[in-house]
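Take a look at the letters that make up each chain.
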Amino acid sequence: MQQRATGSVEYINPESLVKNPAFTQAVAVTGPVKTVYVGAQNAVDGSRNIIGKGDVVAQTEQVLKNIGACLEAAGAGPEHVISWNIYVVEGQEVAPAAAAGMRWLGDRPHPPANNVLFVSAFPNPDLLVSIDAIAVVPVEADR
């Protein structure tokens, strides 16, 4: 007899904590899944050009494009991101960059858990934002 095993992702927002459309408080993953860890991406394209010098929104869009390429190569998409860390250089406006992130995530019922941290600088002073991500893709397996 074959049984199908599936994984699941549960987005948890306890009643005692703040509700926000930009993030989820906790995410629990159960069962057979593929986990994709995307290393910190910055606003550098495949030709090593920095995209959007001086523009945190343009850089965020390039960072998300890079994350999207990594996810796609691993068989995942933005809808599978369960957590990400967003690093922004001090003094940059977060709201416009966050809006770019929300556009990229799309209209999904459960946003990822997140951390937004200000940093003094990146090794290359032209870079303004960096994001790493974790994605979970439930899989089906025959047993």
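Before any of the text, the structure's been laid out above.
In what follows, the accompanying structure is described.

Rules used in this analysis
Residues numbered from 1 in each chain as written. Predicted model: local features only at pLDDT ≥ 70, side-chain atom pairs only at ≥ 80, totals over all residues. Heavy atoms only, no water. Pairing = 2+ DSSP bridges. Helix = DSSP H or I, 4+ residues; strand = E, 2+ residues; numbered from the N terminus. Axes fitted to C-alpha atoms, helices over the stretch in contact; angles between N-to-C directions. Contact = heavy atoms within 4.5 Å. Salt bridge = Lys/Arg side-chain N within 4 Å of Asp/Glu carboxyl O. Buried < 20%, exposed > 50% of the residue type's maximum accessible area, 1.4 Å probe, protein only.

A few words on the sheet that holds strand S4 (residues 33-41). Hydrogen bonds along the backbone pair up the strands of a sheet, which may run parallel or antiparallel. Within the open sheet, the four strands sit side by side as S4-S7-S5-S6. Their pairing is mixed. Where the open sheet ends on each side, the last strands, each with one partner, are S4 and strand S6 (113-119). Geometrically, the sheet is characterised by an average inter-axis angle of 5 degrees between neighbouring strands, direction not taken into account. Where S4 and strand S7 (residues 129-138) come together, seven bridges link them in antiparallel fashion. The residue of S7 that forms the bridge with Val-36 is Ala-135. Running at roughly 30 degrees to S7, helix H1 (residues 56-73) makes contact with S4, strand S5 (81-89) and S7 of the sheet. Running over the sheet, helix H2 (residues 94-105) touches S5 and S6 and is turned about 155 degrees from S5.

Okay, the pattern of salt bridges next. Applying the stated rule across the entire model yields two salt bridges. The salt bridge partner of Asp-126 is Lys-53, with a shortest N-O separation of 3.8 Å. With Asp-126 in the loop between S6 and S7 and Lys-53 in the loop between S4 and H1, this residue pair connects regions lying 73 residues apart in the sequence. The partly exposed category is assigned to Asp-126, whose relative accessible area is 32%. The exposed category is assigned to Lys-53, whose relative accessible area is 56%. A salt bridge links Arg-103 to Glu-61; the nearest nitrogen and oxygen atoms lie 3.4 Å apart. Of the two residues, Arg-103 sits in helix H2 while Glu-61 sits in helix H1, which places them 42 residues apart along the sequence.

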